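Descriptive analysis of the structure
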Amino acid sequence: MDITIIGTGYVGLVTGACFAEMGHIVTCLDIDEDKIKMLNASHIPIYEPGLEELVKKNKKGKRLFFTTDYEKAIKSALVCFVCVPTPSNEDGSCNTSYIEQTAKFIGQYIDDYKVVVTKSTTEVGTSFQIKKIILKELENRDVKIDFDVVSNPEFLKEGSAVSDCLKPDRIVIGTEAEKSTEIMKEIYHGFTFKQDRLIVMDILSSEMTKYAANAMLATRISFMNEIANICKKVGANVNNIRKGIGSDTRIGYSFLYPGIGYGGSCFPKDIKALCHLAKKVGLKPTLLEKVDEINVEQKKLLAKSIINFFTKNGGIKNKTIAVWGLSFKPDTDDMRGAPSITFINQLLDKGAKLRLFDPIAMHNAKKLFQEHKNIIWCRDEQHAAEGSDAIALLTEWKQFRFLNFTPIKKMMKTPLLFDGRNQYHPQDMQKKGFKYIGIGMPNKFE
Ligand SMILES: NC(=O)c1ccc[n+]([C@@H]2O[C@H](COP(=O)([O-])OP(=O)(O)OC[C@H]3O[C@@H](n4cnc5c(N)ncnc54)[C@H](O)[C@@H]3O)[C@@H](O)[C@H]2O)c1
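Residues numbered from 1 in each chain as written. Predicted model: local features only at pLDDT ≥ 70, side-chain atom pairs only at ≥ 80, totals over all residues. Heavy atoms only, no water.

1. A few points about the overall build of the protein
- When its secondary structure is counted, the protein shows 17 helices and 14 strands.
- Oriented by its inertia axes, the alpha-carbon framework of the protein measures out at about 75 × 50 × 45 Å.
- By residue count, 54% of the 446 residues in the protein fall in the buried class.
- For the protein, restricting intrachain contacts to residue pairs at least 6 apart in sequence, the fraction spanning at least 24 positions comes to 72%.
- Put simply, the protein shows about 20300 Å² of open surface, and 54% of that area lies on carbon and sulfur atoms.
- The distance from the centre of the 63 positive side-chain charges to the centre of the 54 negative ones in the protein is 8 Å. (Helix = DSSP H or I, 4+ residues; strand = E, 2+ residues; numbered from the N terminus. Buried < 20%, exposed > 50% of the residue type's maximum accessible area, 1.4 Å probe, protein only. Contact = heavy atoms within 4.5 Å. Areas by Shrake-Rupley, 256 points an atom, 1.4 Å probe, with all protein chains shown as cover. Lys, Arg positive; Asp, Glu negative; His and termini not counted. Charge placed at Lys NZ, Arg CZ, Asp CG, Glu CD.)

See the structure below:
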């Protein structure tokens with residue numbers, strides 16, 4: 001099938017490459033000329049495991065194309081997937097202006113039947129807004145062209161986006177017309193070959209499903225972070241609590257990891273958008289507001305802990321902190337909403353010196369902090385640890401898991417480790433001569 005992807009970012013590029021892998025003919029469109037130039041030269045603008053191979057293979061196979069030409073891209077496809085950004089407005093509501101802009105173009109250029117699919121996470125009701133905008137454009141052109149709108153929210157996770165997309169847990173489709181339902185089933189046939197994973201529902205429920213899924217996951221994280229903070233005060237270890245409750249099949253182990261708060265481009269904005277939506281319809285989203293509030297505080301926790309420690313030990317000013325991991329999660333170069341941003345700003349404000357390292361996200365992090373006299377960009381985790389007064393682990397990249405801490409300890413001024421992701425065992429680190437401070441467990445050093 002001929003498919004156009006509008007918005008070639010983390011979602012659009014991965015989706016486009018995976019559709020092409022399933023044999024569809026896919027054109028990825030973007031307004032960012034540099035990005036399209038890069039992709040046409042087979043350079044991948046984002047890091048996502050497995051993506052580069054998939055893009056190159058399907059480009060070579062003439063199933064995947066990149067363009068900035070809206071008219072051509074829309075006219076050539078039967079189905080247009082909208083994957084443009086939906087950031088937060090100042091009041092927390094979902095900014096649908098990129099989607100509206102896209103709908104206008106679609107209305108201006110379609111010349112035969114199309115299915116317009118919203119993949120972006122967006123305010124409940126947006127698909128109908130898209131329909132209105134396209135109808136208005138058609139009215140302006142004084143033409144009648146049949147089209148359908150569909151909601152098909154995306155559930156991929158950055159860091160495992162390609163495999164999530166090729167082997168989805170489920171595919172949610174919100175439709176209002178049989179014809180578009182059948183077309184969507186055909187598109188996803190290759191993905192559901194072994195097992196039917198399609199869940200077809202009405203459009204509003206489909207749009208709401210995405211918000212509910214993210215809200216549930218964010219709630220589990222904030223819940224666990226709150227439990228972790230209580231654990232620390234009462235002398236319990238949250239790692240044990242996680243095992244103790246995760247083994248209950250009604251609870252399960254997923255998303256029970258305490259840490260330094262959720263980040264990324266989705267959870268924070270989607271929880272805020274859902275809160276805003278609830279208020280718009282006259283409700284008070286008590287739980288969801290607290291989920292967000294807990295997260296905002298949790299993001300500050302690790303830096304506060306470091307500042308408190310050094311306040312009692314000679315002051316934080318001019319202390320050197322090695323920072324391991326900057327991206328909002330492992331296996332991505334995405335810095336959007338990363339807890340490291342809050343962390344770095346808190347410590348710079350107090351006059352600390354930072355030696356930063358991330359395996360993949362350095363180039364994006366540099367754009368955020370640029371030149372700062374108290375920041376040194378390091379080539380690896382050992383380099384970051386050199387001469388430092390403490391290490392702070394912010395992102396649990398696998399390469400940090402099994403390190404030889406003996407030389408690392410030698411190159412540090414003081415062997416002190418703040419583990420924002422509970423990656424190490426406290427006793428093990430103590431045996432290696434480190435003062436270890438994790439999340440949600442007591443320690444004798446603070
Ligand atoms: N990133 C994720 O993990 C993820 C997962 C599920 C859902 N989502 C949702 O998917 C949507 C896209 O997210 P993303 O992370 O891919 O964003 P992104 O910023 O990585 O990509 C968006 C792309 O759209 C392009 N664009 C902007 N306006 C455009 C226009 N008018 N026409 C064509 N292209 C345009 C941008 O240049 C950019 O390349 C958002 O609604 C997000 O909430 C994201």
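That covers the picture; the talk isn't over yet.
2. Side note on the site of the ligand
- Taken together, 27 residues surround the ligand, and among them D30, K35, Y70, T86 and K269 come closest.
- Between the ligand and the protein, one listed contact pairs an oxygen atom with a side-chain N or O atom of R336 at 2.9 Å.
- Across the complex, the protein chains shield 91% of the 830 Å² of accessible surface that the ligand would expose by itself.
- Split by residue class, the shell around the ligand holds eleven nonpolar, eight polar and eight charged.
- A domain split of the shell around the ligand shows at least three residues from each of domain 1 (2–201) and domain 2 (246–437). (Near = heavy atom within 4 Å. Polar contact = N/O pair within 3.5 Å; in protein donor to acceptor, adjacent residues only side chain to side chain. Nonpolar A, V, L, I, M, F, W, Y, C, P; charged D, E, K, R; others polar. Domains from an automatic or database assignment.)

3. A look at the pattern of salt bridges
- The full count for this structure, using the stated rule, is 24 salt bridges.
- One salt bridge in this structure joins K114 and D112, with 2.9 Å as the shortest N-O distance.
- D112 sits in the partly exposed class, given a relative accessible area of 39%.
- A salt bridge links R336 to D334; the nearest nitrogen and oxygen atoms lie 3.0 Å apart.
- The partly exposed category is assigned to R336, whose relative accessible area is 41%.
- We classify D334 as buried; its relative accessible area is 3%.
- Where salt bridges share partners, they join E158, D334 and R336 into one cluster. (Salt bridge = Lys/Arg side-chain N within 4 Å of Asp/Glu carboxyl O.)

4. Side note on the side chain of S93
- When you line up the elements, S93 lands in the loop between β4 (79–82) and α5 (97–109).
- Looking at S93, its side chain comes within polar contact range of the side chain of D91, at 2.6 Å.
- In this view, S93 contacts P87, S88 and H276; residues no more than four positions away in its chain are not counted.

5. Points about the sheet that holds strand β12 (residues 390–393)
- Ordered in space as β11-β10-β9-β12-β13-β14, the six strands form an open sheet in which the pairing is parallel. At either end of the open sheet lies a strand with only one pairing partner, and these are β11 (375–377) and β14 (435–437). Adjacent strand axes in the sheet meet at a mean angle of 20 degrees when their direction is disregarded.
- The pairing of β12 with strand β13 (residues 416–419) spans three bridges and is classified as parallel. Bridge pairing in β13 places I391 opposite L417.
- Together, β9 (320–324), β10 (353–357), β11 and β12 form the strand contacts of helix α13 (residues 339–349), whose direction differs from that of β10 by roughly 155 degrees. (Pairing = 2+ DSSP bridges. Axes fitted to C-alpha atoms, helices over the stretch in contact; angles between N-to-C directions.)

6. With respect to helix α8 (residues 178–187)
- Looking only at α8, the buried set comprises S180, T181, I183, M184 and I187. Looking straight down α8, one finds its buried side chains confined to an arc of 165 degrees; they lie on one side. Seen from the open side of α8, the exposed residues pointing more than 90 degrees away from its buried face are E178 and E186. (Arc of directions from axis to C-beta.)

7. Points about the environment of R250
- Tracing the backbone through its elements, the reader meets R250 in the loop between α10 (238–246) and α11 (267–280).
- For R250, a relative accessible area of 74% gives the class exposed.
- Sequence-wise, R250 and V238 are twelve residues apart; in three dimensions their C-alpha atoms are separated by 19 Å.
- Within polar-contact distance, the side chain of R250 engages the side chain of D248 at 2.8 Å.

8. Observations regarding the domain arrangement of the protein
- Segmentation of the protein into domains returns domain 1 (2–201) and domain 2 (246–437).
- Between the C-alpha centres of domain 1 and domain 2 the distance comes to 33 Å.
- Domain 1 puts 18 residues into the contact, and the matching count from domain 2 is 18 residues.
- Carbon and sulfur atoms make up 50% of the area that domain 1 and domain 2 hide from each other, which totals about 1300 Å².
- Sorting the residues of domain 1 by area buried against domain 2 places Y10, Y47 and E158 first, and these three jointly supply 40% of that buried surface.
- Viewed at the interface, domain 2 and domain 1 are joined by two salt bridges. (Buried area = accessible area lost by both parts, 1.4 Å probe.)

9. Concerning the packing of α5 against helix α6 (residues 126–141)
- The interhelical angle for the contact between α5 and α6, taken along N-to-C directions, is 35 degrees, at an axis separation of 8 Å. Note that α5 runs across α6; the crossing there is right-handed. On the side of α5, the interface is formed by I99, E100, A103, K104, I106, G107, Q108 and Y109, while α6 contributes T126, Q129, I130, I133, I134, E137, L138 and R141.
- For the contact of α5 with α6, a count of residues per class yields eight nonpolar, four polar and four charged. (Left-handed = near helix turned anticlockwise from the far one by under 90°.)

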